[in-house]
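# Observations on chain architecture
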Amino acid sequence: MFWIAAGLFLLGLCAGSFVNAAVWRIRQQAKNQDDLSVLTGRSQCVKCGHTLAAKDLIPIISWLSLNGRCRYCNKPISRQYPLVELLAGLTFAVSYLFWPQDLSEYGNLALFISWLMASVGLLALAVYDFKWLLLPNRILYPTFAVAAAGRLIYILNLEDLDKMQAVLDWGLAVIVASGIFWQIHLISKGRWIGYGDVRLGLVTGTLLGTPSKGFLMIFTASVLGTLYVLPTILRRKTSLETRIPFGPFLILATVLVLLFGQPIIDWYIDSVGL
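Residues numbered from 1 in each chain as written. Predicted model: local features only at pLDDT ≥ 70, side-chain atom pairs only at ≥ 80, totals over all residues. Heavy atoms only, no water.

## Overview of the environment of Leu 109
Inspection of the secondary structure assignment puts Leu 109 in helix α4 (residues 106–132). Using a relative accessible area of 32% as the deciding quantity, one classes Leu 109 as partly exposed. Distance from Leu 109 to Ile 153, taken between C-alpha atoms, is 9.6 Å for residues 44 residues apart in sequence. (Helix = DSSP H or I, 4+ residues; strand = E, 2+ residues; numbered from the N terminus. Buried < 20%, exposed > 50% of the residue type's maximum accessible area, 1.4 Å probe, protein only.)

## Describing the side chain of Arg 151
Tracing the backbone through its elements, the reader meets Arg 151 in helix α5 (residues 137–156). No salt bridge is formed by the buried Arg 151. Its closest oppositely charged neighbour is Asp 169, at 8.0 Å. Here Arg 151 is in contact with Leu 111, Trp 170, Thr 206, Leu 207, Leu 208 and Gly 209, once residues within four sequence places are set aside. (Lys, Arg positive; Asp, Glu negative; His and termini not counted. Salt bridge = Lys/Arg side-chain N within 4 Å of Asp/Glu carboxyl O. Contact = heavy atoms within 4.5 Å.)

## Digging into a nonpolar patch on the surface
Taken together, the side chains of Met 1, Leu 97, Phe 98, Leu 252, Leu 256 and Phe 260 present a nonpolar region at the surface, about 570 Å² in accessible area. With three residues, helix α9 (residues 247–272) is the largest single contributor of residues to the nonpolar patch. In this structure, Leu 256 sits in helix α9. (Patch = residues over 30% accessible without salt bridge, like charges linked within 9 Å, V, L, I, M, F, W, Y side chains within 5 Å. Areas by Shrake-Rupley, 256 points an atom, 1.4 Å probe, with all protein chains shown as cover.)

## Describing the nonpolar core
Formed by 57 residues in total, the largest nonpolar core has its most connected members in Trp 115, Leu 122, Leu 125, Leu 200 and Met 217. Among the elements of the structure, α1 (2–32), α3 (80–97), α4, α5, α6 (160–188), α7 (195–208), α8 (211–234) and α9 are those that each provide at least two residues to this core. No other element matches α4, which puts 13 residues into this core. Not counting residues up to four positions away in its chain, the partners in contact with Leu 200 are Leu 122, Leu 125, Leu 135, Leu 140, Gly 247, Leu 250 and Ile 251. (Core = buried A, V, L, I, M, F, W, Y, C linked by side-chain atoms within 4.5 Å.)

## Things to note about the pattern of salt bridges
If you walk through the whole model with that rule in mind, you get two salt bridges. Across the pair Asp 56 and Arg 71 runs a salt bridge, and its minimum N-O distance is 2.6 Å. Of the two residues, Asp 56 sits in the loop between α1 and α2 (61–65) while Arg 71 sits in the loop between α2 and α3, which places them 15 residues apart along the sequence. On the basis of relative accessible area, Asp 56 is assigned to the buried category, the value being 11%. By relative accessible area, which is 38% here, Arg 71 ends up partly exposed. The salt bridge involving Asp 160 is made with Lys 163; its shortest N-O contact spans 3.6 Å. One end of the pair, Asp 160, and the other, Lys 163, are both in helix α6, three residues apart, so they sit about a helical turn from each other. Judged by its relative accessible area of 64%, Asp 160 is exposed.

Take a look at the structure:
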C-alpha cells in the first residue's frame, strides 16, 4: 500500500505540473487568441518566454533548486507552481489511502481512476477560478466527460437490480449539485452565483453520485467559503457585495465529501432515526 501511495504521489506531482502549464496556456488563449496547445508544445518561462529544459521541469525540486527564480531571466517564479504540484500529489496519494470502496472490484477501480483524472481538471478549475473568477468550459466539459465515463462503467458493473437505483441517484446528485445553483443564478440574475458554478455541479454531482453527498458538499462548501470571507469582512477589506471565487470551495468540499462524507451521512441518518 505504501509503495502504491508513493507512486501515486509522484504521478500526482507530474499532474500538478501539467495543471500549472494548462492553466497558463488556456488563459493566454482566452486573452490573446494565441495558438498555444494545452497538450503539446514545449514549456516556457511565463516572464521571458525562454523554452525550459528538462532539468527545469522536475516538480517542486526545480523550483527549490532555483530558489524560486527563472534560470534564464532570474525573475521570480510564483509559489503557485510548487504548491499546485504538491497539492496534486497529496490528492492522488490520499485518495488511494482513504478511498471508501473496495478497489479490487472493477467498477470501483474505474471510479477511482476516473476520479484521479477528474481531480486534475478540478484542480485546474480551482486555480483558474481563484486567479480570474472564471470556470472555463475548455476545462469543465472534458472533466465532466471523464467523470461520467467512470460513473457509467461503475453502473454497468452493478447487478441489474442496482443499476436503476444508481442511475436515479446520479441524476438526483446532479440536480442537487447543479440545480440549486441554477435556481440561485436565475433568481439573482447572476449576481450571487455565476453560471460556471452551475456547470461545475455537473462534474461534482457525477463524482459524488448520490443526492445526500450533493447536499453535504454544498453545505461544506458554504461553511468553507464563509470561514474564508468572514475575517476579511470583519476587517472591512471586503463587503457582502465583493465577488469571491466559490469554485475552489465547491471543489475542496467535493474531495472531502467523496473521501470522508459517507460516515457523516450515516451518522446523521442514524441520529434522526431515518
